[in-house]
Amino acid sequence: MNQQLPTPHEVYTIESITNLRKAKQEELRRSRQRMQSITENLFAPQQSKNKMENLLQHVNAGIAAYDGIRTGMMVLNRIRALFGKKKKRS
């Protein structure tokens, strides 16, 4: 469905512009679907084969969440330490 663009000496018509626009919209739609599929595959959780793997997957997710929250709190505390202390005037 690859259409060639008109050559410079070719006259553009409303129909040719409409056809090119429809072709590009279809190409964008296919590209969007492909990117969505790739993203879903990248971020989908792994399928566990048994109950033990399922449990370990939940434990790993909990540890990752705890680590993220802890790291965020440490960063916030350091930022507060830099900007929080003000000198008092006597």
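Engineer: I'm lost on the overall build of the protein chain in this one. Help?
Structural biologist: When you go through the protein chain residue by residue, the secondary structure sums to 2 helices and 0 strands. Carbon and sulfur atoms provide 59% of the accessible area of the protein chain, an area that totals close to 9,400 Å².

Engineer: How should I be thinking about the pattern of salt bridges in this particular structure?
Structural biologist: Working definition: two side chains of opposite charge can pair if their charged atoms are close together. One pass over the structure, following the stated rule, counts 4 salt bridges. Note that arginine 29 is salt-bridged to glutamate 26, the shortest N-O span being 2.3 Å. Taken together, the residues arginine 29 and glutamate 26, both in helix α1 (residues 14–43) and 3 residues apart, mark about one turn of the helix. Of the residues examined, arginine 29 reaches a relative accessible area of 35% and is grouped as partly exposed. Overlapping salt bridges, with partners in common, bring together Glu26, Arg29 and Arg30 in one network.

Rules behind the numbers
- Residues numbered from 1 in each chain as written.
- Predicted model: local features only at pLDDT ≥ 70, side-chain atom pairs only at ≥ 80, totals over all residues.
- Heavy atoms only, no water.
- Helix = DSSP H or I, 4+ residues; strand = E, 2+ residues; numbered from the N terminus.
- Areas by Shrake-Rupley, 256 points an atom, 1.4 Å probe, with all protein chains shown as cover.
- Salt bridge = Lys/Arg side-chain N within 4 Å of Asp/Glu carboxyl O.
- Buried < 20%, exposed > 50% of the residue type's maximum accessible area, 1.4 Å probe, protein only.

Fair warning: the whole summary comes from geometry, so function is off the table for now.
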